[in-house]
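Read off the chains here:
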Amino acid sequence: MAWDSSRPVPWKRLMRDWVLYVGIMVVVFLIIYRDRVTPGLFAGLFISGPMFVAIGAVLAKFGYTRKTMKDLKAESAVRASEKQATPVAASTGRPRSKPAPTKRTSGGSNRPSSKQRRR
């Protein structure tokens, strides 16, 4: 998609996502670097904020929007309802018939063939 300056930028969502990321990373850093916690670790995290928000804003202007949990749940509900429907052949619009049984799908007898052993 092309750049469109009239597209809205979800500033609150970008900030909320970044704050969530920083919170998780602070906990991870405190667990991993227990004895070696330095201000540089946290400075790097706080410097990442403007970069994260700026890149997110540019992507929003290009038309990128992440799906929300509500959108993902709606999609999965649609997929589940489609699975429950009978499968339909693409070209005819009729339900597909069951394929013919084969040797590998045990369509015939399940008994092994009785071969005479050589002596």
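The preceding data block contains the structure.
Residues numbered from 1 in each chain as written. Predicted model: local features only at pLDDT ≥ 70, side-chain atom pairs only at ≥ 80, totals over all residues. Heavy atoms only, no water.

### Considerations on the overall build of the protein
- On a plain count of helices and strands, the protein comes out with 3 helices and 0 strands.
- Ordered by position in the sequence, the α and β elements of the protein form the string α-α-α.
- Out of the 119 residues in the protein, the part that is buried amounts to 14%.
- Sequence separation of 24 or more characterises 66% of the internal contacts of the protein that already satisfy a separation of 6 or more.
- Carbon and sulfur atoms provide 61% of the accessible area of the protein, an area that totals close to 10,900 Å². (Helix = DSSP H or I, 4+ residues; strand = E, 2+ residues; numbered from the N terminus. Buried < 20%, exposed > 50% of the residue type's maximum accessible area, 1.4 Å probe, protein only. Contact = heavy atoms within 4.5 Å. Areas by Shrake-Rupley, 256 points an atom, 1.4 Å probe, with all protein chains shown as cover.)

### Regarding the nonpolar core
- Residues V9, L14, V53, A57 and A60 constitute the largest nonpolar core, which totals 5 residues.
- The element best represented in this core is helix α2 (residues 39–61), accounting for 3 residues.
- Setting aside anything within four residues of it in sequence, one finds L14 in contact with V9, F52, V53, G56 and A57. (Core = buried A, V, L, I, M, F, W, Y, C linked by side-chain atoms within 4.5 Å.)

### Focus: the pattern of salt bridges
- If you walk through the whole model with that rule in mind, you get 3 salt bridges.
- Ionic pairing is found between E75 and K67, a salt bridge with its closest N-O pair at 2.7 Å.
- Take E75: its relative accessible area is 27%, and that puts it in the partly exposed class.
- Classification of K67 as partly exposed rests on a relative accessible area of 47%.
- Several salt bridges converge on common partners, so that one network encompasses K67, E75 and R79. (Salt bridge = Lys/Arg side-chain N within 4 Å of Asp/Glu carboxyl O.)

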